[in-house]
Amino acid sequence: MKKLIVGFAFLISPAIGYSQAAGTPQVGYPTDRSPFADLQYRQELTIFGGHFRAGTEPAGVAPRSGPMVGGRYEITVGGPAQLYVRTSRVFSERMALDPTKPAATRNLGISKVPLYLADLGISMNLTGQRSFHGIVPSLAVGAGVVSTLNSKVEKDPYKLGTTFAFSFGGGLRILPTERMQIRVDGGTHMYQIRYPTEYSTPASDNTSVIPSDQAKSFWKSNPSVTVGLSYLFFR
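The model shown is predicted, which means the values in this text are computed figures rather than measured ones. (Residues numbered from 1 in each chain as written. Predicted model: local features only at pLDDT ≥ 70, side-chain atom pairs only at ≥ 80, totals over all residues. Heavy atoms only, no water.)

## Some remarks on the packing of aromatic side chains
To describe a pair of aromatic rings, one takes the distance between the centres and the angle between the planes.
In step 1: Evaluated as defined, the whole model comprises nine aromatic pairs.
In step 2: For the ring pair Phe-164 and Phe-166, a centre distance of 4.9 Å and an interplane angle of 90 degrees mean the geometry is edge-to-face.
In step 3: One aromatic cluster in this structure is built from Tyr-158, Tyr-195, Tyr-199 and Phe-218.
In step 4: Geometry around Tyr-84 places Arg-72 over its ring, the cationic atom sitting 4.3 Å from the centre.
In step 5: Lying over the aromatic face of Phe-36, Arg-130 brings its terminal NZ or CZ to 4.3 Å of the ring centre. (Phe/Tyr/Trp six-rings, centres within 6.5 Å; stacked < 30°, edge-to-face > 60°. Lys NZ or Arg CZ within 6 Å of the ring centre and 35° of its normal.)

Below you can see the structure in the form of structure tokens.
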């Protein structure tokens, strides 16, 4: 039995480690070889760019997919949690329709309609307040608004206006240095589309933009992917 115990101790000794100076076992990695590193700074500012992919909708008149740029401020509020504020702009466009016209002449063409997004939320580091090999995976959830401000096309009664939105997603924070960070984030904004009653009213050719039994209000998901560069500050 004594030989068995000695042999087992010999096998696990590399994983446990042993301090020859102190003669005591050390659990885990030696400090200079650990894949984990404490996050030194509590706040960050990020600029990012990417692509916004608008979800489909029956009439095809809501703001479309396009390039996306924005900024983000984040502060650690305790443990692995951060509070963030994010704003962005999508260089979008939309198709305009005149619902009073027959189907053949209803299309008014494509108009540029920038889409603005702003949200406040909480993100959680999956590795706590540490990085793993310089990488921090995270999940986030938030709420805010989506708006086209006062953008409206003449003769088309539809406009997105300003509406409430939920956001959620996840990403990776990559730290090549203590103060600089690369962010890769993916997620979605969910907001409501509301069609005007004119869209279901038949025109002179007895057609309408949407069928009369089509829901005039519904939520749609709009995913996006962004890459950003962050500056970290305040320990």
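Additional details are given in the paragraphs that follow.
## Side note on unusual backbone geometry
If a residue is not glycine, its phi is most likely negative; likewise, a peptide bond is most likely trans.
In step 1: In this model, Asn-206 sits at a positive phi of 65 degrees, which is unusual for a non-glycine residue.
In step 2: Looking at the element boundaries, Asn-206 is found in the loop between β13 (180-194) and β14 (217-233). (Helix = DSSP H or I, 4+ residues; strand = E, 2+ residues; numbered from the N terminus.)

## A look at a nonpolar patch on the surface
In step 1: Together, Ile-47, Ile-135, Leu-172, Ile-174, Met-180, Ile-182, Val-184, Val-227, Leu-229 and Tyr-231 make up a nonpolar patch on the protein surface, roughly 790 Å² of accessible area in all.
In step 2: Of all the secondary-structure elements, those providing two or more residues to the nonpolar patch are β12 (162-174), β13 and β14.
In step 3: Of note, Val-184 is situated in strand β13. (Patch = residues over 30% accessible without salt bridge, like charges linked within 9 Å, V, L, I, M, F, W, Y side chains within 5 Å. Areas by Shrake-Rupley, 256 points an atom, 1.4 Å probe, with all protein chains shown as cover. Salt bridge = Lys/Arg side-chain N within 4 Å of Asp/Glu carboxyl O.)

## Some words on the nonpolar core
In step 1: The biggest cluster of nonpolar side chains holds 22 residues, and the ones touching the most others in it are Phe-52, Leu-115, Tyr-158, Tyr-191, Ile-193, Tyr-195 and Tyr-199.
In step 2: Going through the elements one at a time, β7 (93-97), β9 (115-125) and β13 are the ones with two or more residues in this core.
In step 3: Discounting chain neighbours no more than four positions away, the residues touching Leu-115 are Phe-52, Pro-63, Ser-88, Arg-89, Val-90, Ser-92, Val-146, Ser-147, Thr-148, Leu-160 and Tyr-191. (Core = buried A, V, L, I, M, F, W, Y, C linked by side-chain atoms within 4.5 Å. Buried < 20%, exposed > 50% of the residue type's maximum accessible area, 1.4 Å probe, protein only. Contact = heavy atoms within 4.5 Å.)

## Some words on the side chain of Arg-173
In step 1: Relative to the assigned elements, Arg-173 resides in strand β12.
In step 2: For Arg-173, a relative accessible area of 7% puts it in the buried group.
In step 3: In this structure the side chain of Arg-173 is engaged in a polar contact, spanning 3.1 Å, whose partner is the side chain of Asn-125.
In step 4: Engagement of the side chain of Arg-173 in a polar contact is seen with the side chain of Gln-181, the distance being 2.9 Å.
In step 5: With sequence-adjacent residues up to four places away left out, Arg-173 is seen in contact with Leu-39, Glu-44, Glu-74, Gln-82, Asn-125, Gly-134, Ile-135, Val-136, Gln-181, Ile-182 and Arg-183. (Polar contact = N/O pair within 3.5 Å; in protein donor to acceptor, adjacent residues only side chain to side chain.)

## Description of the confidence of the model for the protein
In step 1: The predicted model of the protein averages 89 in pLDDT, with 86% of residues at 70 or higher.
In step 2: Per-residue pLDDT stays below 50 along residues 4-23; that stretch engages in twelve contacts with residues further than four places along the chain or on separate chains. (pLDDT = per-residue confidence, 0-100.)

## Brief notes about the environment of Ile-174
In step 1: Structurally, Ile-174 can be placed in strand β12.
In step 2: Here Ile-174 falls in the partly exposed class, since its relative accessible area comes to 31%.
In step 3: Separated by 39 residues in the primary sequence, Ile-174 and Ile-135 have C-alpha atoms spaced 4.6 Å apart.
In step 4: Not counting chain neighbours up to four residues away, the residues in contact with Ile-174 comprise Gly-134, Ile-135, Met-180, Gln-181 and Ile-182.

## Thoughts on the pattern of salt bridges
A side chain with one charge can pair with a side chain of the opposite charge if their charged atoms come near.
In step 1: The tally for this structure, following the rule as stated, stands at eight salt bridges.
In step 2: The partner of Glu-44 in a salt bridge is Arg-183, and the shortest N-O contact between them spans 2.9 Å. A residue pair is termed long-range when its members are at least 10 positions apart, and Glu-44 in strand β4 (residues 43-52) and Arg-183 in strand β13 qualify at 139 residues. There is no split in this pair, since Glu-44 and Arg-183 are both buried.
In step 3: Between Glu-74 and Arg-72 there is a salt bridge, with its nearest N and O atoms 2.8 Å apart.
In step 4: Here Glu-74 falls in the buried class, since its relative accessible area comes to 2%.
In step 5: We classify Arg-72 as buried; its relative accessible area is 6%.
In step 6: Taken together, the salt bridges that share partners define one network made up of Glu-44, Arg-72, Glu-74, Arg-173, Arg-183 and Asp-185.

## Details of the pairing of strand β6 (residues 81-90)
In step 1: Alignment of strand β5 (residues 66-78) against β6, held across ten bridges, turns out to be antiparallel. Across the sheet, residue Gly-78 finds its bridge partner in β6, namely Ala-81.
In step 2: Between the end of β5 and the start of β6, which pair antiparallel, lie two residues, with Gly-79 showing a positive phi angle near 60 degrees.
In step 3: In terms of strand pairing, β6 meets β9 through ten bridges, oriented antiparallel. (Pairing = 2+ DSSP bridges.)

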